[in-house]
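Overview (structure and organization)
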Amino acid sequence: MSGAARPPAAVEDGHGRRVTYLRLSVTDRCNYRCTYCMPEEGVAKVAHADVLSFEGAARITTVLARLGVTRVRLTGGEPLVRRALPDLVARLAAVPGIGEVVMTTNGDGLAAALPDLYAAGLRGVNVSLDSLDPVRFARVTRVGDLGAVRAGIEAAARRFPAVRLNTVAMAGFNDDELGRLCRFAWARGCVPRFLEHMPMSDGRLRPPGRFISAPEIRARILADLGGSFAPDQGDGQGHGPARYFRHSSGRLIGLIAALSDRFCGACNRIRLDATGRLHACLAHDGAVDLRAALAAGGEAAVEAAVRAALARKPDGHAFGLGSGGCAPTHMVAVGG
């Protein structure tokens with residue numbers, strides 16, 4: 001994997017923020033149907049002919065690396081349902097300037113897939129884990145297998161340091177498990193991370209009364225575990241929007257507070273969805289078709305389209321704590 005340094009003139013958006021982190025959705029399909037990600041009736045699937053090829057993804061990533069992107073996270077849908085995924089990992093890991101290729105997954109099938117992915121160059125995973133109760137887990141995922149996910153987590157924890165376990169915190173569902181989830185993660189050398197529920201899908205997937213803010217999450221964890229939290233300034237800091245806190249026991253948690261502690265001021269991310277459209281901001285429309293740009297004008301056209309999109313990137317999202325500020329797109333479609 002290349003460890004080339006970031007170009008000194010790394011591209012900035014219209015607000016002076018350097019863009020170094022690409023979230024690349026490899027598919028809009030998922031073998032789970034999580035209630036906060038996908039409507040019960042499902043979503044219209046992209047035709048296979050419209051999905052960005054591995055070659056196209058690597059060429060677009062090459063352009064982005066020249067502009068300063070150093071880290072790629074594979075997302076979905078569920079990336080593990082994309083055939084020949086190790087081939088894509090190897091292509092991306094070989095792009096000059098890309099220092100790390102990682103993945104976010106639901107963990108189902110990860111244990112079997114991990115050896116080939118690691119050999120191809122994958123160097124980290126985040127795994128979604130919203131409950132340790134099999135009945136609850138099946139309810140939130142609609143079809144999920146907790147045993148398969150736990151096997152994936154165990155395999156990842158043996159392979160990578162500090163695997164992140166992502167939990168969407170929801171009142172009346174898993175808010176009584178937050179301390180237990182911390183203990184589960186810490187026992188395996190993982191870092192538990194708790195996300196505020198973002199109002200995607202026009203807010204239809206956020207039931208009233210389920211939202212828990214980051215301060216409430218910390219308070220509920222401490223009510224179970226005791227002790228205290230302090231902001232962590234060390235190597236626990238990641239590349240994305242999570243804020244890390246160190247418990248008085250010495251262990252870390254992460255909080256992704258999209259609503260109560262908006263993190264837009266330090267945004268370094270862009271998203272490429274499964275069709276090759278660039279989303280400069282998760283919460284706003286206006287995606288730019290880089291697949292079409294590549295076909296029409298090659299890498300120069302891609303670079304011009306990226307620069308134009310970043311110049312228009314808003315200074316922040318409009319997510320609201322109430323009923324307003326909802327994004328129309330489905331998380332499963334744009335890439336988590």
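Thoughts on the overall build of the protein chain
Across its full length, the protein chain holds nine helices and 12 strands. Expressed as a percentage of its 336 residues, the buried residues of the protein chain come to 55%. Summarising the internal contacts of the protein chain: among those between residues at least 6 apart in sequence, 73% fall at separations of at least 24.

Section: helix 5 (residues 146-159)
Taking 1.5 Å per residue as the helical rise, helix 5 with its 14 residues ought to reach 20 Å, and the 20 Å between its terminal C-alpha atoms agrees with that figure. Here the buried face of helix 5 lies against helix 3 (110-120), strand 4 (122-128), helix 4 (134-141), strand 5 (164-168) and helix 6 (178-187). Where helix 5 begins, the side chain of Asp145 points an oxygen toward the backbone nitrogen of Gly147, at a separation of 3.0 Å.

Notes on the packing of aromatic side chains
Considering all chains together, one arrives at two aromatic pairs under this definition. Measuring from ring centre to ring centre gives 5.8 Å for Tyr118 and Phe160, while their planes differ by 50 degrees; the resulting arrangement is tilted. Remark: Phe160 occurs in the loop between helix 5 and strand 5 and Tyr118 occurs in helix 3; sequence separation between them is 42 residues. One residue, Arg159, lies across the ring of Tyr118, its end atom 4.8 Å from the ring centre.

A few points about the confidence of the model for the protein chain
Keep in mind that low pLDDT regions are not for reading the predicted coordinates in detail. Scored by pLDDT, the protein chain has a mean of 88; 85% of the residues are at 70 or more. Here residues 321-326 is modelled with pLDDT under 50, and outside its nearest four sequence neighbours on either side it reaches 11 contacts, counting other chains as well.

Re unusual backbone geometry
Cis rather than trans, the peptide bond between Gly76 and Gly77 has omega equal to 20 degrees. For Gly77, the position within the fold is in the loop between strand 2 (71-75) and helix 2 (85-93). Even without glycine at this site, Ala162 takes up a positive phi of about 50 degrees. Taking the relative accessible area as the measure of exposure, Ala162 reaches 31% and is therefore partly exposed.

Some words on the nonpolar core
By size, the foremost hydrophobic cluster in this structure holds 88 residues, and its most contacted members are Leu24, Leu74, Leu122, Val125, Leu129, Leu165 and Leu290. With near-sequence residues (within four places) excluded, Leu74 lies in contact with Leu24, Val26, Pro79, Leu85, Leu88, Val89, Leu92, Val101, Val102, Met103 and Thr104.

Quick notes on the pairing of strand 9 (residues 252-256)
Buried residues dominate strand 9, accounting for five of its five residues. Here strand 9 shows no split at all, with Leu252, Gly254 and Ile256 on one side and Ile253 and Leu255 on the other all buried. Here strand 6 (residues 191-195) pairs with strand 9 via three bridges, running parallel. Along strand 9, the bridge assignment pairs Arg193 with Gly254. When strand 8 (residues 243-247) meets strand 9, the two strands line up antiparallel, connected through four bridges. Looking across to strand 9, one finds that Arg243 is bridged to Leu255. Where strand 8 folds back on strand 9, the antiparallel hairpin that results is connected by four residues, among which Gly250 adopts a positive phi of roughly 100 degrees.

Digging into the sheet that holds strand 3 (residues 100-105)
The strands that make up a sheet are held in pairs by hydrogen bonds between backbone atoms, and each pair lies either parallel or antiparallel. Reading across from one edge, 7-8-9-6-5-4-3-2-1-10-11-12 is the order of the 12 strands in this open sheet, with mixed pairing throughout. This sheet does not close on itself; its edge strands, each paired only once, are strand 7 (229-231) and strand 12 (288-289). Bridge analysis of strand 3 against strand 4 gives four bridges, and the strand direction is parallel. From the neighbouring strand, Thr105 faces strand 4, where its bridge partner is Val127. Each of strand 1 (21-25), strand 2, strand 3 and strand 4 touches helix 2; the most contacted strand, strand 2, lies at about 165 degrees to it. On the sheet, helix 3 packs against strand 3 and strand 4 and is oriented at approximately 150 degrees with respect to strand 4.

Basis of the calculations
Residues numbered from 1 in each chain as written. Predicted model: local features only at pLDDT ≥ 70, side-chain atom pairs only at ≥ 80, totals over all residues. Heavy atoms only, no water. Helix = DSSP H or I, 4+ residues; strand = E, 2+ residues; numbered from the N terminus. Buried < 20%, exposed > 50% of the residue type's maximum accessible area, 1.4 Å probe, protein only. Contact = heavy atoms within 4.5 Å. Expected span 1.5 Å × (residues − 1). Polar contact = N/O pair within 3.5 Å; in protein donor to acceptor, adjacent residues only side chain to side chain. Phe/Tyr/Trp six-rings, centres within 6.5 Å; stacked < 30°, edge-to-face > 60°. Lys NZ or Arg CZ within 6 Å of the ring centre and 35° of its normal. pLDDT = per-residue confidence, 0-100. Core = buried A, V, L, I, M, F, W, Y, C linked by side-chain atoms within 4.5 Å. Pairing = 2+ DSSP bridges. Axes fitted to C-alpha atoms, helices over the stretch in contact; angles between N-to-C directions.

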